[in-house]
Amino acid sequence: MTEHTKTDGLPDTLPDLSATPVVLDKSRPRNERMATDKVECNACPVLCQISPGRSGACDRYANADGVLIRVDPVVLLRRTLAEPEATLVAFASRSDASAEASQANPLAVQDEIFVTGIGSSTTYPDYKPAPFIVASQVAGVDMVTVVTEGIFSYCSLKVKIDTDRWLGPEQANVRCQGEVIGHVTTAEYGSQMLSLGGVHHLTGGSKKEGRVTCDMMLKLSNKQAVELSIDGGAQLIVQAGKAPVVNGVEEQRMRVGCGSATVGIFAKQFYGLADEVVVVDDHITGVLTQHQAGRCLDMRASGIKIRGRKSTPGRYFQVANPGTGWGGTDLTDPLTIIEGFDADHAWPGQRVLMVSTTGEHKAWFVLDDALVPQPQPMPPAVQAVVDRIGENCEPSLTTVLFLGGAGGSLRAGVTDNPVQLTRRIKQAMVNVTCGGAPAYVWPGGGITVMVDVMRMPDHSFGTVPTPAIVAPIEFSMRLDDYRALGGHMEHVRSLDDALARGAWHNDGAPTSRRFELLAAANPWPLGQPPLLG
Ligand code: SF4
């Protein structure tokens, strides 16, 4: 066995190729000044010259006794959901793979196997056909899937962090290891949003900024944790599918709604238990008796006067500054937002609940004879409704969407006439997946895809030191449509053939493969839009 640089989760050794004939890619020009035992990798513009037993700068390719190989296995998806966990299939030599392909084995059920771009390798320059163009049949229809690992210089991550806590001002810089790698973008309902990475940070700053950006994107895309800081804001640890950690505290709850929504949802349950309810929220603070919900219940005016800007009845903006206190404000004492009570309407003994949008912060007051709220123990019935608010909060999570522009040169690996691919995708004749996970294709020009990394197999992403992100992408369509859009028909191969011989441009290098079961939430990639029409 030949030692090589270990990559996470991969075998420690390269396959023994001593019995395998060495066949270098015919389309790969040799550098005359390169040592004869080196292999030049031309899978990206870096063009590493790799010594025997070593891997290239990205750890994705290696020189195994003169053969350039892709060290990660190609990931295949199996549709069979009966098995408890993914089956790992060991490295196989070319002859083993051929023998396996000819026997009764899982590959025989072709519409149950899907070749993903993960580990499939890249082709460079762009006019070369994608490494795998795989034919299959689905419900009697001839299909083809064009499979590649795209190199994305134009890509970013949209990170949704379920928390009310204020992470930093909109447009503030987000840093990783001191480098600016993104910014805070528009907050959404119950979530703070970050836009990270992108071509500006990958290529437009210093070399270190580009490298740190690329490393950060790789980790987050591969579901690993990353530490971030926001200028003028919070320290964060974020990881796809996990609760965010804000200033060292793990977030628990995503709010049930804004202050106004919370009033609306629980008004009936508070009715009779409290004379006034204020739901404190950095954006829209709700006041029950003034709110339409309270009016519909015919609640008596409480006379409460709230600071901030009144929007519509019972809905107030800017009651405090943003922060990590009550309802995403900087409040530690909720009474700060109450100016007082109008003596014409308020009465001694009035019961006032103040609560945050997650139910985490709550306080119960009763007005004294001077109409000043005095803290009192919260009655169990009121506490039960506050608990109900908490019960309706979903667990706080971090979501990472990878967003990449596949509308550029990558299309040439699919067709000689790239605009045809773009058009067929927009016409829903081509199903686009990333590592088998459904990808949302943005309307408008180009092929801008967005995918939830949690729906993709682990370790789907890689990098090249240009720097850029390597991400799997697959285009599935009817074979007839592929022919019509100017596809590389001479490179269409059966699944068995593709797996036995490996990527066309690496003929001679064995293909190892790893099976993953299809994630239950994902639709089977074959038979999606192209079969619907
Ligand atoms: S960085 Fe990786 S893909 Fe690019 S040439 Fe080197 S080994 Fe090949």
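Residues numbered from 1 in each chain as written. Predicted model: local features only at pLDDT ≥ 70, side-chain atom pairs only at ≥ 80, totals over all residues. Heavy atoms only, no water.

A few words now on the overall build of the chain. Along its length, the chain carries ten helices and 38 strands. Counting the 533 residues in the chain, one finds 54% classified as buried. Of the contacts formed within the chain by residues at least 6 apart in sequence, a portion of 68% connects residues at least 24 apart. Counting every atom, the chain has about 22,300 Å² of accessible surface; 51% of that belongs to carbon and sulfur. (Helix = DSSP H or I, 4+ residues; strand = E, 2+ residues; numbered from the N terminus. Buried < 20%, exposed > 50% of the residue type's maximum accessible area, 1.4 Å probe, protein only. Contact = heavy atoms within 4.5 Å. Areas by Shrake-Rupley, 256 points an atom, 1.4 Å probe, with all protein chains shown as cover.)

Strands sit in the order β23-β24-β21-β20-β26-β27-β28 across an open sheet of seven strands; the sheet is mixed. The sheet is open, and its two borders are formed by β23 (309-312) and β28 (373-375), each paired with just one other strand. Sheet twist, expressed as the average angle between the axes of neighbouring strands with direction ignored, equals 25°. Sheet analysis places strand β20 (residues 276-280) next to strand β21 (residues 285-287), joined by two bridges and oriented antiparallel. The residue of β21 that forms the bridge with V279 is G286. Of the strands in this sheet, β26 (351-356) and β27 (362-367) are in contact with helix α6 (residues 380-391), which crosses β26 at around 20°. (Pairing = 2+ DSSP bridges. Axes fitted to C-alpha atoms, helices over the stretch in contact; angles between N-to-C directions.)

Confidence along the chain averages 87 in pLDDT terms, with 86% of residues attaining 70 or more. Ignoring residues within four places in sequence, the model shows residues 1-24, a span with pLDDT below 50, making 50 contacts including any to other chains. (pLDDT = per-residue confidence, 0-100.)

With that settled, the discussion passes to the nonpolar core. Counting 57 residues, the largest nonpolar core has L194, L196, M216, L228, F402 and F475 as the members making the most contacts within it. The contacts of M216, once residues within four sequence positions are left out, are L157, C176, I181, L196, G197, V226 and L228. (Core = buried A, V, L, I, M, F, W, Y, C linked by side-chain atoms within 4.5 Å.)

This brings us to empty space enclosed by the protein. Taken as a whole, this structure holds five cavities of 30 Å³ or more when the rule is applied. Here the second largest cavity defines a volume of roughly 90 Å³. Partitioning the lining of the second largest cavity into residue classes produces eleven nonpolar, one polar and one charged. (1 Å grid on protein atoms, 1.4 Å probe; cavity = no way out; pocket = protein on both sides within 12 Å on 5 of 7 lines; lining within 4 Å. Points joined across faces, edges and corners; volume = space filled by probe spheres on them. Nonpolar A, V, L, I, M, F, W, Y, C, P; charged D, E, K, R; others polar.)

In the vicinity of the ligand, the contacting residues are C41, A43, C44, V46, L47, C48, G56, A57, C58, R60, Y61 and P465. Most atoms of the ligand, that is more than half of them, are within 2 Å of grid points of the second largest cavity. When its residues are assigned to classes, the shell around the ligand shows ten nonpolar, one polar and one charged. (Near = heavy atom within 4 Å. Sits in = over half its atoms within 2 Å of the grid points.)

Before going further, it helps to examine the layout of surface pockets. Here the second largest pocket defines a volume of roughly 400 Å³. Looking at which element gives the most residues to the lining of the second largest pocket, the answer is strand β10 (residues 141-152), with five residues.

To continue, consider the sheet that holds strand β38 (residues 513-517). Across the sheet, which stays open at both edges, the three strands sit in the order β8-β7-β38 with mixed pairing between neighbours. The open sheet terminates on both sides in strands that have one partner only, identified here as β8 (113-115) and β38. On average, adjacent strands in this sheet sit at an angle of 30° to one another, irrespective of strand direction. When strand β7 (residues 74-78) meets β38, the two strands line up parallel, connected through five bridges. Directly across from L76, in β38, lies its bridge partner F515.

Considering all chains together, one arrives at four aromatic pairs under this definition. Centre to centre, the rings of F114 and W524 are 6.3 Å apart; their planes meet at 70°, and the pair counts as edge-to-face. Highlighted residues: F114 in strand β8 and W524 in the loop between β38 and α10 (529-532), separated in sequence by 410 residues. A residue is classified by how much of its surface remains accessible, and F114, at 1% relative accessible area, is buried. Its relative accessible area of 5% is what places W524 among the buried residues. On the basis of an interplanar angle of 70° and a centroid distance of 6.4 Å, the ring pair of Y440 and W442 is categorised as edge-to-face. Assessed through its relative accessible area of 44%, Y440 is described here as partly exposed. (Phe/Tyr/Trp six-rings, centres within 6.5 Å; stacked < 30°, edge-to-face > 60°.)

Inspection of the secondary structure assignment puts S121 in the loop between β8 and β9 (132-138). Residues within four places of S121 in sequence aside, it is in contact with Y61, R70, P131, T148, E149, A503 and H505.

Glancing now at the pairing of strand β36 (residues 468-478). Successive side chains on a regular strand alternate, one facing one side of the sheet and the next facing the other. When you tally the buried positions in β36, you get ten out of eleven residues, the bulk of the element. In this structure, β10 lies alongside β36, joined through ten bridges in antiparallel fashion. Within β36, the residue paired with E149 across the bridge is P472. Inspection of the sheet shows strand β31 (residues 431-434) paired to β36 by three bridges, in the antiparallel sense. What sits directly across from V432, in β36, is F475. Here strand β35 (residues 462-464) pairs with β36 via three bridges, running antiparallel. If you follow V464 over to β36, its bridge partner there is A468. The antiparallel pairing of β35 with β36 creates a hairpin that spans three residues between the two strands.

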